[in-house]
Protein chains: 2
Amino acid sequence: MLDDLDRTIIEILVHDARISLKELSNQVGLSSPSVSERLRRLEEKKVIRSFTIDIDPVALGYSLSAIVRVRPLPGMLHIVEKLIQETPEITECDKVTGDDCFVGKLQFRTMEQLDMILDRLSERAETNTSIVKSSPVKRRLPPLS
Amino acid sequence: MLDDLDRTIIEILVHDARISLKELSNQVGLSSPSVSERLRRLEEKKVIRSFTIDIDPVALGYSLSAIVRVRPLPGMLHIVEKLIQETPEITECDKVTGDDCFVGKLQFRTMEQLDMILDRLSERAETNTSIVKSSPVKRRLPPLS
DNA sequence: AAATTATGCTTGATGATCTTGACCGAACTA
DNA sequence: TAGTTCGGTCAAGATCATCAAGCATAATTT
């Protein structure tokens, strides 16, 4: 499905999506129309979901973050899911197997803010919150092999 | 620190980082050199950490993912941290307060692969694994206000 | 086996975009 | 008030992306 050139292109773009086609094609060893066509196909196949920027939450004032595990009270599953989606400080959330139903990431500025957000959830779910102290692994790709 | 124009620029780029400077400056209502200068400063201030692409792990063959909570056995904390960093299938990991020491995200192709990876961790830590069934909140920015 | 088609590449021309430098005005500072 | 800084515009030359045409190779058909 993906060949070595595609993988090279992806690895370069992950680190610098703003690189010019010309420079990218130099690094890949193809002409720019070829690389352009490969990019088009990678997007078409949804391998590349989007071109985006990585923003530092700290720069936006969110100097704290937490992992929240959420177990809805009986009958509350859908309401809780909706509540999570409507809480903009929850910047990602997965629905998982096991006792915890949801595991989410929460960005916040102050403990007061954390408390407010958790209070809203606690009306309809049990929550378990762990404050993030550091991030030993920053977001990265799994092996492309 | 950030004004409305910066926030507009960020919101546009989060959705399409490949937009031309010309188009971006039209949407923002400034000339392109101005927007270019603002971009330079946003990068300089590390508000924008990088321009990157969002890759679909499924397209890379990683059709499964899991949240793993890791509690190192006594004395094993640093070894476990290193082990986590050296496990490329763990695509992000936070060190947190509470009983669990690390919470990570794991991308994998088969249950056998999951089993192998967890076996390696289990020699030095207790783990608790939840398979991801869906993602009610895809990665997004907290409010920029 | 020969002919055909499809795929993926290159080149070179053209038009669009980016960057640079010169300049301007508002807001702060001495 | 005069000077300085900051952030902006405009216009040019430099750079880049895209398109069409053509070529080579590999797979498919006859």
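See above for the structure.
Residues numbered from 1 in each chain as written. Chains lettered and ligands numbered in written order. Predicted model: local features only at pLDDT ≥ 70, side-chain atom pairs only at ≥ 80, totals over all residues. Heavy atoms only, no water.

A.B. asks: Mind laying out the nonpolar core, listing which residues take part and the relevant values?
C.D. replies: If you look at the biggest cluster of nonpolar residues, it comprises 42 residues, and the most contacted ones within it are A:Leu13, A:Leu24, B:Leu13 and B:Leu24. Ignoring anything within four residues of it in the chain, the contact list for B:Leu13 reads A:Phe51, A:Thr52, A:Ile53, B:Ile19, B:Leu24, B:Leu39, B:Ile48 and B:Phe51. (Core = buried A, V, L, I, M, F, W, Y, C linked by side-chain atoms within 4.5 Å. Buried < 20%, exposed > 50% of the residue type's maximum accessible area, 1.4 Å probe, protein only. Contact = heavy atoms within 4.5 Å.)

A.B. asks: Would you mind going over the side chain of A:Asp94 in detail, with residue names and values included?
C.D. replies: Residue position: A:Asp94 is located in strand β3 (residues 90–96). A relative accessible area of 7% means that A:Asp94 is categorised as buried. In terms of polar contacts, A:Asp94 uses its side chain to reach the side chain of B:Lys105, at 2.6 Å. There is a polar contact of 2.7 Å between the side chain of A:Asp94 and the side chain of B:Ser135. In contact with A:Asp94, not counting residues within four places along its chain, are A:Cys101, A:Phe102, A:Val103, B:Ile67, B:Lys105, B:Val132, B:Ser134, B:Ser135 and B:Pro136. (Helix = DSSP H or I, 4+ residues; strand = E, 2+ residues; numbered from the N terminus. Polar contact = N/O pair within 3.5 Å; in protein donor to acceptor, adjacent residues only side chain to side chain.)

A.B. asks: Kindly report on the interface of chain B and chain A, identifying the contributing residues and their values.
C.D. replies: Taken together, the contacts link 62 residues of chain B with 62 residues of chain A. Counting each side, the surface lost to burial between chain B and chain A is near 6000 Å², with a carbon and sulfur contribution of 55%. The closest approach of N and O atoms between A:Arg69 and B:Asp100, which form a salt bridge, is 3.3 Å. On the surface where chain B and chain A come into contact, there are 47 residue pairs in polar contact (both at pLDDT 80 or more). Listing elements by their share of the side of chain B that touches chain A, those giving two or more residues are α1 (4–15), β1 (48–55), β2 (64–72), α4 (77–85), β3 (90–96), β4 (102–108) and β5 (125–137) of chain B. Direction of pairing for β3(A) relative to β5(B): antiparallel, over a ladder of three bridges. The partner of A:Lys95 across the bridge, within β5(B), is B:Ser134. (Buried area = accessible area lost by both parts, 1.4 Å probe. Salt bridge = Lys/Arg side-chain N within 4 Å of Asp/Glu carboxyl O. Pairing = 2+ DSSP bridges.)

A.B. asks: I'd like a rundown of the relation of the copies chain B and chain A, residues and numbers included.
C.D. replies: After a rotation of 180° and a shift along the axis of 0.0 Å, chain B superposes on chain A with an RMSD of 0.1 Å. Taken together, the rotation and translation relating the two chain copies correspond to the operation of a two-fold axis. When C-alpha distances to the rotation axis are compared across chain B, the minimum falls at B:Thr52, with a value of 2.7 Å. (Least-squares fit on C-alpha atoms with pLDDT ≥ 70 in both.)

A.B. asks: Describe the protein's contact with DNA strand C, naming the residues involved and giving the relevant values.
C.D. replies: Inspection of the region around DNA strand C gives A:Leu30, A:Ser31, A:Pro33, A:Ser34, A:Arg38, A:Arg41, B:Ser20, B:Leu21, B:Lys22, B:Ser32, B:Pro33 and B:Ser36 as its neighbouring residues. Within 4 Å of the protein, atoms of DNA strand C come from sugar and phosphate in 74% of cases. One of the side-chain N or O atoms of A:Arg38 is found 2.7 Å from a phosphate oxygen in DNA strand C. B:Leu21 places a polar main-chain atom, nitrogen or oxygen, 2.7 Å from a phosphate oxygen of DNA strand C. At four residues, helix α3 (residues 32–44) of chain A tops the list of elements feeding residues into the surface near DNA strand C. (Near = heavy atom within 4 Å.)

A.B. asks: Which residues make up the sheet that holds strand β2 (residues 64–72) of chain A, and what values go with them?
C.D. replies: As a general point, the strands of a sheet are linked pairwise by backbone hydrogen bonds and lie either parallel or antiparallel. The eight strands are arranged β2(A)-β4(A)-β3(A)-β5(B)-β2(B)-β4(B)-β3(B)-β5(A) in a closed barrel whose pairing can be described as antiparallel. For this sheet, the mean angle separating the axes of adjacent strands, direction not counted, is 35°. Where β2(A) meets strand β4 (residues 102–108) of chain A, seven bridges bridge the pair, whose relative direction is antiparallel. Bridge pairing links A:Ile67 to A:Lys105 in β4(A). This element, helix α5 (residues 111–122) of chain A, spans β2, β4 and β5 (125–137) of chain A of the sheet and lies at about 140° to β5(A). (Axes fitted to C-alpha atoms, helices over the stretch in contact; angles between N-to-C directions.)

A.B. asks: Which residues make up helix α5 (residues 111–122) of chain B, and what values do they have?
C.D. replies: Residue and element names in this part refer to chain B. In a regular helix each residue adds 1.5 Å, so twelve residues correspond to 16 Å; α5 covers 16 Å between its end C-alpha atoms and thus fits that length. Looking at α5, one finds that the buried residues are Gln113, Leu114, Ile117, Leu118 and Leu121. For α5, the angular spread of buried residues about the axis comes to 125°, placing them on one side. α5 presents Glu112 and Met116 as exposed residues on the side facing more than 90 degrees away from its buried surface. Here the buried face of α5 lies against β2, α4, β4 and β5. (Expected span 1.5 Å × (residues − 1). Arc of directions from axis to C-beta.)

A.B. asks: Account for unusual backbone geometry, naming residues and giving values.
C.D. replies: Located in the positive-phi region is A:Lys46, a residue other than glycine, with phi close to 65°. With respect to the helices, strands and loops of the structure, A:Lys46 is situated in the loop between α3 and β1 (48–55).

A.B. asks: Can you lay out the protein's contact with DNA strand D for me, pointing to particular residues and giving the numbers?
C.D. replies: The full set of residues close to DNA strand D is A:Ser20, A:Leu21, A:Lys22, A:Ser32, A:Pro33, A:Ser36, B:Leu30, B:Ser31, B:Pro33, B:Ser34, B:Arg38 and B:Arg41. Close to the protein, within 4 Å, the atoms of DNA strand D are drawn from sugar and phosphate at a rate of 81%. Within the backbone of A:Leu21, a nitrogen or oxygen atom sits 2.6 Å from a phosphate oxygen of DNA strand D. A distance of 2.8 Å separates a phosphate oxygen of DNA strand D from a polar backbone atom of A:Lys22. Elements represented by at least two residues in the surface near DNA strand D include exactly α2 (21–28) and α3 of chain A together with α3 (32–44) of chain B.

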